[in-house]
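Residues per chain are reported as follows:
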Number of protein chains: 2
Amino acid sequence: MKSDRRIRYTKKVIKESFMDLLLNRPSHKITVKEVCEKAEINRTTFYSYYDDIHSLTKEMQNDSISDIRQYLLQYSVDGDDMILYFVKILQNSFPYASKYILYDNNSKYFIRLFYECKDLILSNWLKGHVKITPIQQEWLYTFLASGCAGILRTWFMGGMKESAEEIASFLNQLIKCHDVIFDAK
Amino acid sequence: MKSDRRIRYTKKVIKESFMDLLLNRPSHKITVKEVCEKAEINRTTFYSYYDDIHSLTKEMQNDSISDIRQYLLQYSVDGDDMILYFVKILQNSFPYASKYILYDNNSKYFIRLFYECKDLILSNWLKGHVKITPIQQEWLYTFLASGCAGILRTWFMGGMKESAEEIASFLNQLIKCHDVIFDAK
DNA sequence: TACCGTGTGTCAGATAACCAACACAACTTG
DNA sequence: CAAGTTGTGTTGGTTATCTGACACACGGTA
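Every value quoted in this text rests on a predicted model; they were computed, and no experiment measured them. (Residues numbered from 1 in each chain as written. Chains lettered and ligands numbered in written order. Predicted model: local features only at pLDDT ≥ 70, side-chain atom pairs only at ≥ 80, totals over all residues. Heavy atoms only, no water.)

Asker: An account of the side chain of Lys15 of chain A is requested, with residue identities and associated values reported.
Answerer: In this fold, Lys15 of chain A is placed in helix α1 (residues 5–24). Sequence-distant contacts of Lys15 of chain A, defined by excluding residues within four places in its chain, comprise Tyr50, Leu56, Glu59, Met60 and Asp63 of chain A. (Helix = DSSP H or I, 4+ residues; strand = E, 2+ residues; numbered from the N terminus. Contact = heavy atoms within 4.5 Å.)

This is how it looks when you write it as structure tokens:
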């Protein structure tokens, strides 16, 4: 059920144009008019898909999350590398993500990211925790995901100065230390 | 008076798709259907711009000639380098040209190329021929252009085995040797 | 204050591109 | 030979996009 090629192309050029403006003219408020002129589409067309710039960035964030899901699905990384891999994706594969994630200060991005990728992450994190109940799994995941989201958000906001390895190893420690609670035997 | 963005995009993907098929599936008859499927456009749309594959390749040849004109205008090369430059354009800047030029064996391509670029080449070739009349200029250009076109066509057909330098120096000799006829003093 | 330039969001009507279906020709394959 | 298969052009009706215009909100400036 692929959408109309016209729609795909139009949305694509809108997003590319927005991204281009974002990267080449920082500290500059981006207008709908600008985006449309760069994309060579009519403003009317823009409004038939988005209410405003904000709804565009929202969709781009969704795209980004879908892309990350695809990455995770495709490579299905195991064990301790999971977090490092995750952080590296954010750092390398989506270098532009930080731009539009922060553009309208949408701090819910990382919460949603972990929510949407729950199925792909959960099995990985809880591998080997035989005694933990499904209910407990949910709560533990919520707790850990929120923590990670907070860290990543802070990392992004600060301009990602720390290396992916540092962040990943830090998060790994935090996740690992809960093993004792549920797996003490 | 730029044409509609929709038209530009549609034609662009048609040409790219055709080129792709041409490069990746040589010795294979290319159908309208194939091109449209690759380009993700409707066959009806194709027929609203082209009568058939042949009329597509014809337009691509025109594009190629326009591009070459642009090159010549942009850099305005002088003197003996002209021919070398010209041949190099054909060899390097338009590596795909030969594919669709030869696809339906349109031997008129080079004739047209020299005809369309006449203004840009003429002044260059006849530089210094003070005694030659405008009428003579026309005839001389026709003669030299036809000769060059024939050589280039043969070169293309043969797979461009000779280097651009060889061809250029050969053509330059042929052009130069007419100087004595018109400029003997 | 009033004026002006610029961006916003929306509309009706025109054009481009879409889809599904058709008749037809050029072939394979039985 | 007849029955499929595949590509060709063409049609009528639908959807996406474009154009030009409009009323409105906003900030700067005389």
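Asker: Report on the packing of aromatic side chains, specifying residues and quantitative values.
Answerer: All names here are of chain A. Summed over the entire model, instances satisfying the criterion amount to seven aromatic pairs over all chains. Aromatic side chains Tyr109 and Phe110 sit 5.0 Å apart centroid to centroid with 85° between the ring planes, which places their arrangement in the edge-to-face category. For Tyr109, a relative accessible area of 1% translates into the label buried. A connected cluster of aromatic rings, assembled from ring pairs, spans Phe46, Tyr47 and Tyr50. (Phe/Tyr/Trp six-rings, centres within 6.5 Å; stacked < 30°, edge-to-face > 60°. Buried < 20%, exposed > 50% of the residue type's maximum accessible area, 1.4 Å probe, protein only.)

Asker: Talk me through the nonpolar core; I want residue IDs and the actual numbers.
Answerer: Within the largest apolar cluster, 36 residues are counted, with the highest numbers of intra-cluster contacts made by Phe18 and Phe46 of chain A together with Phe18 and Phe46 of chain B. Where this core is concerned, the elements lending two or more residues are α1, α2 (32–39) and α4 (53–75) of chain A together with α1 (5–24), α2 (32–39) and α4 (53–75) of chain B. The residues that make up this core include at least three from each of domain 1 (1–50) and domain 2 (53–183) of chain A. Residues in contact with Phe46 of chain B, not counting those within four places in the same chain, are Ile14, Val32, Cys36, Ile41, Asp52, Ile53 and Leu56 of chain B. (Core = buried A, V, L, I, M, F, W, Y, C linked by side-chain atoms within 4.5 Å. Domains from an automatic or database assignment.)

Asker: I'd love a proper account of the relation of the copies chain B and chain A, names of residues and values included.
Answerer: You can overlay chain B on chain A at an RMSD of 0.1 Å; the transform is a turn of 180° with a shift of 0.0 Å along its axis. The operation mapping one copy onto its partner corresponds to a two-fold rotation axis. Within chain B, the C-alpha atom positioned nearest to the axis of rotation is that of Arg6 of chain B, 4.3 Å from it. (Least-squares fit on C-alpha atoms with pLDDT ≥ 70 in both.)

Asker: How would you summarise the protein's contact with DNA strand D if you had to cite specific residues and measurements?
Answerer: In the neighbourhood of DNA strand D, 20 residues make up the surrounding shell, with Arg6, Asn42, Thr45 and Tyr49 of chain A together with Arg5 of chain B lying closest. In this structure, Asn42 of chain A approaches DNA strand D through a main-chain N or O atom, which is 3.0 Å from a phosphate oxygen. Between DNA strand D and the protein, one listed contact pairs a base oxygen with a side-chain N or O atom of Thr44 of chain A at 3.5 Å. For the surface near DNA strand D, the secondary structure elements donating two or more residues are α1 and α3 (43–47) of chain A together with α1, α2 and α3 (43–49) of chain B. A per-class count over the surface near DNA strand D returns five nonpolar, six polar and nine charged. (Near = heavy atom within 4 Å. Polar contact = N/O pair within 3.5 Å; in protein donor to acceptor, adjacent residues only side chain to side chain. Nonpolar A, V, L, I, M, F, W, Y, C, P; charged D, E, K, R; others polar.)

Asker: Describe the protein's contact with DNA strand C, naming the residues involved and giving the relevant values.
Answerer: In the vicinity of DNA strand C lie 20 residues, with Arg5 and Lys33 of chain A together with Arg6, Thr45 and Tyr49 of chain B positioned nearest. When the atoms of DNA strand C within 4 Å of the protein are grouped by moiety, sugar and phosphate amount to 67% of the total. Residue Arg6 of chain A places a side-chain N or O atom 3.3 Å away from a base nitrogen belonging to DNA strand C. For DNA strand C, a phosphate oxygen lies 3.0 Å from a polar atom in the side chain of Tyr47 of chain A. Residue assignment for the surface near DNA strand C shows that the elements contributing at least two residues are α1, α2 and α3 of chain A together with α1 and α3 of chain B.

Asker: Give a detailed account of the pattern of salt bridges, specifying residues and quantitative values.
Answerer: A full pass over the atoms with the stated rule returns 20 salt bridges over all chains. A salt bridge links Glu116 of chain A to Arg112 of chain A, with the nearest nitrogen and oxygen atoms 3.3 Å apart. Separated by four residues within a single helix, Glu116 of chain A and Arg112 of chain A lie in helix α7 (residues 109–116), roughly one turn from each other. Among the ionic pairs, Glu37 of chain B bridges to Lys33 of chain B, the shortest N-O distance being 3.8 Å. With a gap of four residues between them, Glu37 of chain B and Lys33 of chain B both fall in helix α2, about one helical turn apart. Look at the salt bridges and you will find they share partners, linking Lys11, Lys15, Glu59 and Asp63 of chain A into a network. (Salt bridge = Lys/Arg side-chain N within 4 Å of Asp/Glu carboxyl O.)

Geometric values such as these leave the question of function open.
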